[in-house]
Amino acid sequence: MNMRESRLFEPFEVRGMKLANRFVLPGMQRGWSVGGAPTSNLIDYYVRRVRGGVGLLITESVAVDHPSATRGPTFSRLNRETLEAWRTCIAAVHDAGGKIMPQLWHEGAIRKEEEPGSGGKVVPTLSPSGLMKENRPRGRAATKQELEDIRRAFVTSAQLAQEVGADGVELHGAHGYFLDQCLWHETNQRDDEFGGPTLAHRARYPASIARAVREACGDDFVISFRFSQWKEIDLNARIAETVEDLGHFVSILRDVGVDLLHVSTRRFWEPAWPHSDKTMSRWAKELSGLPVIAVGSVGLSSDIMETAQGVESEDQISKSVALLEAGILRGDFDLIAVGRGLISDPEWVSKVREERFEDIIRFERSHIGRLDGETDHMEGVAPKDKR
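The structure presented is a predicted model; accordingly, all values stated were derived computationally and were not measured. (Residues numbered from 1 in each chain as written. Predicted model: local features only at pLDDT ≥ 70, side-chain atom pairs only at ≥ 80, totals over all residues. Heavy atoms only, no water.)

A.B. asks: What is the right way to look at the overall build of the protein chain in this model?
C.D. replies: When you go through the protein chain residue by residue, the secondary structure sums to 12 helices and 17 strands. In the protein chain, which comprises 387 residues, the proportion classed as buried is 61%. Pairs at least 24 apart in sequence give 73% of the contacts found in the protein chain among residues at least 6 apart. Of the roughly 15000 Å² of accessible surface on the protein chain, a fraction of 46% belongs to carbon and sulfur atoms. (Helix = DSSP H or I, 4+ residues; strand = E, 2+ residues; numbered from the N terminus. Buried < 20%, exposed > 50% of the residue type's maximum accessible area, 1.4 Å probe, protein only. Contact = heavy atoms within 4.5 Å. Areas by Shrake-Rupley, 256 points an atom, 1.4 Å probe, with all protein chains shown as cover.)

Here is the structure:
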């Protein structure tokens, strides 16, 4: 194959955002923020990936402007206090020739509870129903007023991202965090308008956030929504039991103003349901009419949860690139996110384009938490959401 002529390296445009190619750096928590603000280490990390060929950069998960969003001391936040650091980060990515979208996030019941007497006002851990999983409580269910406050926090952080020049935002509705807890029947047992027996019912609160962001940020701002079936707490979880469930869900997102669907699976090439060979990203694309980003084990033989537990993968770069080429030609996805490969090698995309597969630095678990070229683990890095 001649990779320089591959559709993977053709430009792509969504709501006026023009991308040089189809490769995306997905949100992966690196833990290189101080007081919620991105440090020079994190900014340099992003810039190197853009210079290495990535067209679209989605930041690590950024806590929205609400006190219950996260307690992680090294996680990013987007509020007035961190705004100038984000302005610097976004400008650096643009200067390098890339596009950038902060991934807006609330941990929900995954957030660790605060202990009384720990100093200052104790902020409760809030989620749709106070559940990490069925029969695994943590924190409490958010009141209607708290849901309104959290919705407003997403909108505020999106407006701040727009203020400092971001090309859009991604709403993190995957992997067991707050918006995903709304979607999953095990973690959303509400009996008000934001609960219900079907995925279409449970999607109403996340959809209301997307609608509010669209209304606040206008027509020239890209909104991506990331979702997954699996959760870190339950790899076999499913928010959509059937194709029909998925169709209702993605149509709701489309109708409230979402531009991109970021479909997270453990292996991007696998069929979503036994009765068809179509992938989850293919189904989402066909059912919604929206462009999709696919993600899951690009360039690797083991998925994220296996690798996170220390299982080394074989070198699958050439095989994986052939799967990518076949997938984009078949219409399985429009954009492809490369996670762990880009942790190890900031020039992964450029090397694929030049067919220098043998030069690509192979992912190893020990690379998580390192800066480029470092040999020691970075103190304080929380290796979470490492796709």
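A.B. asks: Help me understand the environment of A207 in this model?
C.D. replies: With respect to the element layout, A207 can be found in helix α6 (residues 204-217). Distance in space between the C-alpha atoms of A207 and V250 is 9.9 Å, their sequence separation being 43 residues. Discounting residues that sit within four places of it in the chain, A207 has contacts with I252 and V256.

A.B. asks: When you look at the packing of aromatic side chains in this model, what are you seeing that I'm missing?
C.D. replies: For any pair of aromatic rings, the description rests on two quantities: the centre-to-centre distance and the angle between the ring planes. Applying the stated rule across the entire model yields 13 aromatic pairs. Here F194 and Y205 contribute two aromatic rings whose centre-to-centre distance is 5.3 Å and whose plane-to-plane angle is 70 degrees, an arrangement assigned as edge-to-face. Of this pair, F194 sits in the loop between α4 (178-183) and α5 (199-202) while Y205 sits in helix α6, placing them 11 residues apart in sequence. Each member of the pair, F194 as well as Y205, is classed as buried. Ring centres 6.2 Å apart and planes at 80 degrees place the aromatic pair F225 and F249 in the edge-to-face group. (Phe/Tyr/Trp six-rings, centres within 6.5 Å; stacked < 30°, edge-to-face > 60°.)

A.B. asks: Just to check I follow, could you spell out the confidence of the model for the protein chain for this structure?
C.D. replies: If pLDDT is low for a region, its predicted coordinates should not be looked at in detail. Per-residue pLDDT for the protein chain averages 89, and the proportion of residues at 70 or more is 88%. Counted against residues more than four places away or in other chains, residues 373-387, with its pLDDT under 50, gives 47 contacts. (pLDDT = per-residue confidence, 0-100.)

A.B. asks: Hey, could you run me through the packing of helix α1 (residues 40-51) against helix α2 (residues 83-95) in this one?
C.D. replies: Relative orientation and spacing of two packed helices are given, respectively, by the angle between their axes and the distance between those axes. Packing of α1 against α2 brings their axes to within 9 Å, and their N-to-C directions diverge by 20 degrees. It follows from the interaxial angle that α1 and α2 lie roughly parallel. In terms of crossing hand, the pair formed by α1 and α2 is right-handed. Of the residues in α2, those touching α1 at I43, Y46, V47 and V50 are A85, T88, C89, A92 and V93. Residue composition of the contact of α1 with α2, grouped by class: eight nonpolar, one polar and no charged. (Axes fitted to C-alpha atoms, helices over the stretch in contact; angles between N-to-C directions. Parallel < 35°, antiparallel > 145°, perpendicular 65-115°, else oblique. Left-handed = near helix turned anticlockwise from the far one by under 90°. Nonpolar A, V, L, I, M, F, W, Y, C, P; charged D, E, K, R; others polar.)

A.B. asks: What am I meant to see in the side chain of S281 here?
C.D. replies: Considering the arrangement of structural elements, one finds S281 in helix α8 (residues 280-288). Its relative accessible area of 3% is what places S281 among the buried residues. Setting aside chain neighbours within four positions, we find S281 in contact with V263, V292, A294, D332 and F333.

A.B. asks: How should I be thinking about the pattern of salt bridges in this particular structure?
C.D. replies: One side chain can pair with another of opposite charge once the charged atoms of both are near each other. Applying the stated criterion across every chain, the model contains 26 salt bridges. Notably, a salt bridge pairs D234 with K133, separated by 3.6 Å at the nearest N-O pair. With a gap of 101 residues between them, D234 in the loop between β14 (222-231) and α7 (243-255) and K133 in strand β10 (residues 131-133) connect regions that are remote in the sequence. Exposure class is identical for D234 and K133. Each is buried. One salt bridge connects E193 with K144, and the closest N-O pair in it is separated by 3.2 Å. Of this pair, E193 sits in the loop between α4 and α5 while K144 is found in helix α3 (residues 144-163), placing the two residues 49 residues apart along the sequence. In this structure E193 comes out as partly exposed when scored by relative accessible area, which is 38%. Salt bridges linked by common partners bring K278, R282, E286, R330 and D332 together as one network. (Salt bridge = Lys/Arg side-chain N within 4 Å of Asp/Glu carboxyl O.)

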